[in-house]
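Take a look at the letters that make up each chain.
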Amino acid sequence: MEGRDDRELLQAIARQDADALVALFDRYNRLAFGLAYRILGDAFVAEEVVQDAFMSIWRNAASYDLSRGTVRTWLLTIVRNRAIDQLRGRFGRSQNDVDLDTVAPLLAAPDEWDDLLSEIQASAVRAALRALPEEQRIAIELAYFEGLTHVEIAERLGIPLGTVKSRLRLGLQKLHDLLVTSKVRSESGASDGT
Amino acid sequence: MPATVPDQDHAHYQELLGAYALGALPDAERAALDQHLASCAACRQELRSLLAAARALALSVDERAPSSSLRERIRSAALEERERAAPAAERESPPRASRIVALHERRQLIPWLAAAVLLLFSVAMLVWNLQLRQEIESIALQPAAAPQAHGQVIYLRNWNIVLITVEDLPPLQPGQVYQVWLIEGNRPLSAGVFDQPDGRFAVAADIADYSAIAITIEQGPLGNPAPTSEPIVIAELPHQPGAS
């Protein structure tokens with residue numbers, strides 16, 4: 001078992017410690033590859049994307065600001081964005097791997113996000129997705145896993161643009177609330193057997 | 001219509017927050033919303049929870065093991081980059097620079113060379129089974145960013161000539177070219193440009209010097225000094241130390 005936490009690994013990676021990069025890989029490769037493969041459906045390209053993402057962390061670790069998000073969030077954001085770029089033929093779009101979002105500097109206390117995300121289980125996210133109204137879930141998945149814009153989603157589904165906007169927004173709001181609820185429930189103890 | 005009412009603006013932008021959090025806004029709309037966010041605390045507050053939900057989507061996928069070689073590929077890529085960064089000053093004059101410089105000078109791949117090598121290629125293929133078995137390497141170009149693209153790299157060892165055949169490359173936008181890269185470690189050296197999605201052409205190079213050949217789409221007419229996009233096809237070159 002690798003004793004160092006993600007933050008310590010990132011510091012070691014910033015000092016160009018290749019063992020630390022491999023330790024981070026050991027921790028997250030199945031998740032990163034699972035995400036790239038889900039988006040691309042092609043193991044060869046998915047591995048390229050994963051390698052690219054780890055190399056981006058290797059290069060940018062020293063300048064990454066952990067208050068923008070955890071290492072895991074950073075890694076998965078790079079993987080998702082690169083995979084979508086590959087899928088959509090937008091080569092070289094995701095050059096800025098240091099900033100998770102252009103808006104992040106504007107948002108106070110961004111660590112709240114990762115507070116929600118830390119320790120949340122895949123099963124909880126899947127359950128929350130299943131609990132969404134289907135039309136909201138479909139719109140969200142088309143945006144996140146296929147990289148469609150709201151206009152393209154409207155075309156794909158044959159529905160008005162305004163409907164897509166509200167499905168994306170309401171769906172994410174609901175997803176957020178479900179995740180908060182499941183997190184609160186899991187933190188309130190194992191005695192809740194439902 | 002009277003001057004814009006701020007509340008209407010706010011409602012308009014607020015409606016876009018979900019698409020924004022999912023990266024589903026076209027660039028212009030995204031930039032406009034960025035501006036609004038700079039001055040709207042309510043939208044920032046909402047965006048925070050929408051982004052948290054969007055980020056959680058990555059965790060919903062089924063975990064999957066990549067091939068067992070990926071771990072060591074990443075380790076060696078990292079070590080190579082570190083090595084390169086450290087003694088960079090000493091490595092500035094690569095021993096084989098002359099050949100590459102020559103290629104830079106004629107960046108548009110020259111038809112006559114391609115024609116001559118094609119002829120050579122036909123002859124070589126005829127006698128391949130008889131004599132040249134040891135002198136020809138054939139390596140598939142794997143699709144990378146472009147799933148339908150494919151091709152072949154054929155290396156004529158005794159002539160130090162690399163023949164590249166490509167098919168079904170993704171179409172170019174006006175002003176773009178395909179650019180061929182010979183990759184030494186992680187450092188790509190331009191080997192020339194072309195503009196046909198199907199074709200055959202030749203590059204003079206000793207592949208023992210390089211670890212891979214890749215093709216990217218770059219700005220024409222001359223291409224770029226270094227790749228600015230992901231490879232559309234790539235061929236890993238087998239290393240054969242001691243092959244004469």
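Residues numbered from 1 in each chain as written. Chains lettered and ligands numbered in written order. Predicted model: local features only at pLDDT ≥ 70, side-chain atom pairs only at ≥ 80, totals over all residues.

**Observations concerning the overall build of chain B**
Here is step 1 of the chain: Tallying secondary structure elements over chain B gives 7 helices and 8 strands in all.
Here is step 2 of the chain: Looking at the 244 residues of chain B, the share that counts as buried comes to 34%. (Helix = DSSP H or I, 4+ residues; strand = E, 2+ residues; numbered from the N terminus. Buried ≥ 20, exposed ≤ 12 C-beta atoms within 10 Å, placed from the backbone.)

**Looking at the overall build of chain A**
Here is step 1 of the chain: Check the secondary structure of chain A and you find 9 helices and 0 strands.
Here is step 2 of the chain: When the helices and strands of chain A are listed from N to C terminus, the series reads α-α-α-α-α-α-α-α-α.
Here is step 3 of the chain: Summarising the internal contacts of chain A: among those between residues at least 6 apart in sequence, 67% fall at separations of at least 24. (Contact = placed C-beta atoms within 7 Å.)

**Topic: the confidence of the model for chain A**
Residues and elements named next belong to chain A.
Here is step 1 of the chain: Of all residues in chain A, 80% have pLDDT values of 70 or greater, and the mean over the chain is 85.
Here is step 2 of the chain: Of the regions scoring below 50 in pLDDT, residues 102-106 engages in 10 contacts with residues more than four places distant in sequence or in other chains.
Here is step 3 of the chain: Confidence drops under a pLDDT of 50 for residues 190-194, and excluding neighbours within four residues, the segment shows 1 contact in the predicted structure. (pLDDT = per-residue confidence, 0-100.)

**So, the nonpolar core**
Here is step 1 of the chain: By size, the foremost hydrophobic cluster in this structure holds 116 residues, and its most contacted members are A:Ala32, A:Ala36, A:Val79, A:Ala143 and B:Val162.
Here is step 2 of the chain: Among the elements that take part in this core, helix α2 (residues 18-40) of chain A stands out by supplying 14 residues, more than any other. (Core = buried A, V, L, I, M, F, W, Y, C linked by C-beta atoms within 7 Å.)

**Concerning the interface of chain A and chain B**
Here is step 1 of the chain: Opposite the 61 residues of chain A that make contact, chain B presents 54 residues.
Here is step 2 of the chain: When residues of the side of chain A that touches chain B are traced back to their parent elements, those giving at least two are α2, α3 (43-60), α4 (71-87), α5 (111-117), α6 (122-131), α7 (134-146), α8 (150-157) and α9 (161-187) of chain A.
Here is step 3 of the chain: For the side of chain A that touches chain B, the element with the highest residue contribution is α2(A), accounting for 12 residues.
Here is step 4 of the chain: Its residues placed into classes, the side of chain A that touches chain B shows 35 nonpolar, 15 polar and 11 charged. (Nonpolar A, V, L, I, M, F, W, Y, C, P; charged D, E, K, R; others polar.)

**Looking at the environment of B:Pro174**
Here is step 1 of the chain: Tracing the backbone through its elements, the reader meets B:Pro174 in the loop between β3 (161-167) and β4 (176-184).
Here is step 2 of the chain: Sequence spacing of B:Pro174 and B:Gly220 is 46 residues, and the spatial spacing of their C-alpha atoms is 8.8 Å.

**Looking at unusual backbone geometry**
Here is step 1 of the chain: At A:Gln16, a position not held by glycine, the phi torsion is positive, near 65°.
Here is step 2 of the chain: Checked against the element boundaries, A:Gln16 lands in the loop between α1 (6-14) and α2.
Here is step 3 of the chain: Residue class for A:Gln16 comes out partly exposed when judged on the 18 C-beta atoms lying within 10 Å of it.
Here is step 4 of the chain: Not every positive phi belongs to a glycine, and B:Asp168 is a case in point at roughly 60°.
Here is step 5 of the chain: By the element assignment, B:Asp168 lies in the loop between β3 and β4.

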